[in-house]
Amino acid sequence: MGKVIIHKKNTCALKFLSFICVLFLSLTFLLWGNGSEKIIYVSPQTGDNFVSVNSKILFRSNQNFSVEDYTITVTGTKSGVINGTLKKVKNTLVFTPSNNFHLPEEVTVKIHNRDAFLLKSINFSTAKILPASYGIKDAELLTDNAANPPKNTKTDEITVINGVSVPSDFPFLKPEIIETSVADGKLFMTTLAETPYLMIFKNDGTPYYYKRTEDYYRDFKLHNNGLLTAYRFGKANHFEVFDSNFSVVKHLRADDDLFTDGHEIYMFDDGGYILYGLANREVDMSNINNGGKSEAEVVDYYLQRFSADDELVFNWKSYEYINVEDAIHEDLTAEIIDYVHANSIDVDFDGNYILSFRNQSMCIKVNSTTGEVMWRFGGVQNDFTLIDDTDGISYQHDIKAVPGEPNHYTIFDNGTYHTPPYSRAIEYVFDTENMTATKVWEYRTENEDYAHWMGNAQRLENGNTMINFVEPELPKAVEVTKEGDVVYQANYGVESHAYRTFRFDWQTTPNAPYLVVEPLPDRTRLIFNHFGERKPEKYKVYYGFSPYELDELQEVETPYLDVFGLDNLTPYYFKIASVYADGSVSSYSNVESVLTQFYEPGDNFIFNGDFSEGESYWNVSHSSITNVEYLFHEGNATFYIFEGGATTEDIILYQTAIPLYKGRNYTFRFDAFAGGNKIIRPEIRMADDPKTSYSKTSDIVVRSTPRTFEYQFTMDEDTDLEAELAFEVGGSNIYITIDNVYISETVTDVVDDNIAEPVFNLSQNYPNPFNPVTIINYSIPNSDFVKVEVFNSIGEKISTLVNGVQNAGNHTVQFNGKELASGVYLLKLKAGNFVSVKKMVLIK
């Protein structure tokens, strides 16, 4: 009996236990079922206190999902409940608020699944995005280079390279080595010379394509989707996308009030892309570094991925993963600290992102799904042990995954803090289980050359590596085999940096030719080419006074044309069309305009030769050992010299862009006096080294009595349209004054008693300079249609004083400049075929 009772008790206990187990398992299953669904990526992250007021909220789940699977509630401490739209873009859900967040406020975001289960709750704060300037160090170096660009000597000779005509300031590519084992493809390059260009070259230096550009470009390259991109500096500061016609089809920029960084862009086959954005963040650096500023600005980098429709789908922020104090070679006491300086982007074999951070001497791999850092190579937080390499990387500029070889990476290592500094291209293989980085290949030049910035290494399909050593004196394109043999090497023909050099297998024929117009002192030059594979038989040239109404000028078989006989100080427009052997005609080229400004014998080549416009058009250079004050006032230039240096060339007053043609005669004249007997050297010469003297003048003595110095010379050297006038006035500590500088082609008087003295004449206005009224006298020999017009210094018409038929004889007209600013103005008389131009100076 007892056993029965006991058995009954056990039965009840078992039933109760079974109930508890079922309940537990049910709850566990329910919780486990919801817990298996996670938000694996979200932006902004919780705790982010630097979120833009127009920021979007991005998130991803580890499940296959649609928009209907989730709800999102967004609440601001000032905004209250924030409405918006939720949509799926690629593998990301994007919540776009209907209105901007308040500034500042705290925002709470809650993400629920279809079952109303809370998957993620985040909190962030909005803050003002501080404006960021481009990349700090690169910006300063670029500005320095642009402010003091290397000069290109223009001549009156047209240069044609294997059938391709080029402008006078074209940088050229000069090959030094071309071996048969060079890889297929063409070279994509840019330049930081005086005039910027986008360029594609064949191996022998023949331009396959070029475009003279207003702004500087960098990172010009071809993507796997067949599109070209380049970053444009200046007012734009964005990436431009070009099609096979080299037409700009799109502009790409960073999101959320960020400055678009120009180091690199990566485009996917579907048209999506990744780039960097920049913003500054205020940081109390006194808590991080001894001597740090309490209100320092640090430059943060945002790695942003966009869909082909320009929807932001990934937003990785450097300040969430990178420490400012790890930038051990940067000045952490500065007001602005560029602690990252991200400078390259690539996508690895597994779809994750490979990034280079110069100022950390570190490359990292970022998970493209979660945003987490997968490994760090180099720098303070290095994860790897080096094998067969003792130096590691230092201030590198470029890391790329080697195609077809997982875990292999090429790096262009600038080597700034190697001892001594040297640059190299290097290849590592990473073992991410044992965390080792083994050097398997590298290339250094024989001289251990050092490129302190920029540069890249590109592994080519045949196993060679294309390397750019950046610096003006170093080659811009070096192709090296696995064995270290140089099979190709080339440099620019002018001194210039080059950002990156790429080799791509690229062929195209644009639908229209490309035109460049160059105004010369006695003609207008047209330079045109139809780039690509299909070459025209001839070209049609069109011109006119309006870009919309152009008449055919002539047909030519050459890719250039010098046009003579145009009216002086007149705006003209030109365009070109290509004509093929089958008679078909291409689309029109770009339309280019030019304001003609021809010099007649007797016209002064010097701008502001009487210094009535102060220092305009003039430059002064002086060595560090001098102490000088120079004043441009009262219509002259005076140098008060307290320490003149060792020689006359320690202080120089100069002006450039003086056109001199071979075989022509010129007059050089100026006034000068000094505080005593002072030796100076006045010279018209080549602007660049070796500074060949064209005027053949030597040292002269200037005394206290004012004197006019005049020289006649013949241009015996090759034509130089960018000659320099230099007054070397250093050496002694005696002041000197210079005025009325004049250079012109010598007027040759021809006396013939059988020829009546011409009575066409435009006299110099009087007074000149004037304020605000001046008198203009002119004469015509017979009744004719007369125009008297005034233009500003860039050729814009200011006023028409006479416009009609006048009788023969002398005429007078007044010009009142009371509504105009001080400056140089051009007075033009046109009567029949007679044209004359004078400069007038208005001083208020």
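Now for a description of the structure that goes with this document.

The rules behind each value
- Positions within a chain are numbered from 1, following the residues in the order the chain's sequence is written.
- Only residues with pLDDT of 70 or above have their local features reported here, since the model is predicted, and side-chain atom pairs are shown and tallied only from 80 upward, although totals for entire chains, interfaces and linings are computed over all residues.
- By convention in this description, side-chain values take in all heavy atoms of the structure and omit both hydrogens and water.
- Only Phe, Tyr and Trp rings take part, Trp by its six-membered ring, and two of them pair if their centres are within 6.5 Å. Stacked means planes under 30 degrees apart, edge-to-face means over 60, and tilted covers everything else.
- By definition, any uninterrupted DSSP run of H or I lasting at least four residues is a helix, any uninterrupted run of E lasting at least two residues is a strand, and each is numbered from the N terminus.
- Relative accessibility thresholds used throughout: buried, under 20% of the residue-type maximum; exposed, over 50%; partly exposed, between the two (1.4 Å probe, protein chains only).
- Any Lys NZ or Arg CZ found within 6 Å of a ring centre and within 35 degrees of that ring's normal is scored as a charge over the ring.
- Strand pairing is assigned whenever DSSP identifies at least 2 bridges connecting the two strands.
- For the purposes of these results, a polar contact is taken to be a pair of N or O atoms within 3.5 Å, where, inside protein, one atom must be able to donate a hydrogen and its partner to accept one; residues adjacent in sequence count only when each atom of the pair is a side-chain atom.
- Pairs of residues are marked as contacts when any of their non-hydrogen atoms sit within 4.5 Å.
- Take a side-chain nitrogen of Lys or Arg and a carboxyl oxygen of Asp or Glu: if they are within 4 Å of each other, that pair is a salt bridge.
- Between the N-to-C directions of two axes lies an angle of 0 to 180 degrees, each axis being a line fitted to C-alpha atoms and, for a helix, fitted only over the stretch in contact.
- Put simply, a patch holds well-exposed residues, over 30% relative accessible area, that have no salt bridge, with like charges counted together within 9 Å and Val, Leu, Ile, Met, Phe, Trp or Tyr side chains within 5 Å.
- Here the open area of atoms and residues is found with the Shrake-Rupley method and a 1.4 Å probe, where only the protein chains shown may cover a residue.

### Observations concerning the packing of aromatic side chains
At step 1: By the definition in use, this model includes 62 aromatic pairs.
At step 2: With a centroid separation of 5.4 Å and an interplanar angle of 50 degrees, the aromatic rings of F188 and F220 are classed as tilted. Placement of the pair is F188 in strand β12 (residues 186–190) and F220 in strand β15 (residues 217–222), with a sequence separation of 32 residues.
At step 3: Given a relative accessible area of 0%, F188 falls into the buried group.
At step 4: Arranged with centres 5.6 Å apart and planes meeting at 25 degrees, the rings of F502 and F504 form a pair that is stacked.
At step 5: Residue F504 is classed as buried on the basis of its relative accessible area of 16%.
At step 6: Ring-pair connections join several aromatic residues into one group, and the members of that group are F170, F172, Y197, F201, Y209, Y210, F246, W506, Y514 and F531.
At step 7: It is K88 that lies over the ring of F65; its NZ or CZ is 4.6 Å from the centre.
At step 8: Here R664 stacks its cationic end above the ring of Y661, 4.3 Å away from the centre of that ring.

### Observations regarding the sheet that holds strand β7 (residues 106–113)
At step 1: A sheet is described by the order of its strands in space; here four strands give the open sequence β4-β3-β7-β8, paired in antiparallel fashion. Each edge of the sheet is formed by a strand with only one pairing partner; in this case those strands are β4 (80–81) and β8 (118–125).
At step 2: By the bridge criterion, seven bridges tie strand β3 (residues 70–76) to β7 in an arrangement that is antiparallel. When the bridges of β7 are listed, T73 appears paired with K110.

### What about the side chain of D346?
At step 1: Within the secondary structure, D346 sits in strand β25 (residues 342–347).
At step 2: Of note is the side chain of D346, whose polar atom sits 2.8 Å from the backbone nitrogen of A401.
At step 3: Once you skip the residues sitting within four places of it in the chain, D346 turns out to touch Y266, N352, Y353, I354, I399, K400 and A401.

### What to know about the pattern of salt bridges
At step 1: A complete count under the given rule lists 49 salt bridges for this structure.
At step 2: R424 serves as the salt-bridge partner of D389, at 3.1 Å between the closest nitrogen and oxygen. Of this pair, D389 sits in the loop between β29 (385–387) and β30 (398–401) while R424 sits in strand β32 (residues 424–431), and the two are 35 residues apart along the sequence. For the pair shown, D389 and R424 are each scored as buried.
At step 3: E427 serves as the salt-bridge partner of K482, at 2.8 Å between the closest nitrogen and oxygen. Separated by 55 residues along the polypeptide, K482 in the loop between β36 (477–480) and β37 (486–492) and E427 in strand β32 bring together distant segments of the chain.
At step 4: Salt bridges sharing partners connect three or more residues here, namely D389, D413, R424, K439, E442, R444 and E448.

### Notes on the sheet that holds strand β5 (residues 84–89)
At step 1: One open sheet holds the four strands; their spatial order is β1-β2-β6-β5, and the pairing between them is antiparallel. Here the strands that pair on one side only, and so sit at the sheet edges, are β1 (39–43) and β5. On average, each strand axis in the sheet is inclined to that of its neighbour by 20 degrees, with strand direction left out of account.
At step 2: As defined by bridge partners, strand β2 (residues 57–61) adjoins strand β6 (residues 92–97) across three bridges and the pair is classed as antiparallel. Looking across to β6, one finds that L58 is bridged to V94.

### Here's the deal with the environment of K186
At step 1: On the secondary structure map, K186 appears in strand β12.
At step 2: The sequence separation of K186 and F504 amounts to 318 residues, and the corresponding C-alpha distance is 5.5 Å.
At step 3: In this structure the side chain of K186 is engaged in a polar contact, spanning 2.9 Å, whose partner is the backbone oxygen of W506.

### Structural notes on the pairing of β36
At step 1: Covered by surrounding structure in β36 are A477 and E479 together with V478 and V480, the residues of both alternating faces.
At step 2: Direction of pairing for strand β35 (residues 465–468) relative to β36: antiparallel, over a ladder of three bridges. Looking at β36, one finds that T465 is bridged to V480.
At step 3: By the bridge criterion, four bridges tie β36 to β37 in an arrangement that is antiparallel. Considered in β37, the bridge of E479 is made with Y488.
At step 4: In textbook terms, the turn of a hairpin is the stretch between consecutive antiparallel strands, and for β36 and β37 this stretch comprises five residues, one of which, G484, has a positive phi near 90 degrees.

### Looking at a nonpolar patch on the surface
At step 1: Taken together, the side chains of L631, Y640, F642 and Y735 make up a nonpolar region of the molecular surface, amounting to roughly 360 Å² of accessible area.
At step 2: With respect to the helices, strands and loops of the structure, F642 is situated in strand β48 (residues 636–643).

### With respect to unusual backbone geometry
At step 1: In this structure, the amide linkage connecting S43 to the following residue, P44, adopts the cis form with an omega of 5 degrees.
At step 2: Here P44 lies in the loop between β1 and β2.
At step 3: Each neighbour pair has its own omega, and for L103 with P104 the value is -10 degrees, a cis peptide bond.
At step 4: Mapping P104 onto the fold places it in the loop between β6 and β7.
At step 5: Backbone geometry at N237 places phi at a positive 50 degrees, although glycine is not the residue there.
At step 6: Positionally, N237 belongs in the loop between β16 (228–232) and β17 (238–242).
At step 7: Since its relative accessible area comes to 18%, N237 is described here as buried.
At step 8: Located in the positive-phi region is S361, a residue other than glycine, with phi close to 50 degrees.
At step 9: Along the chain, the position of S361 falls in the loop between β26 (353–357) and β27 (362–366).

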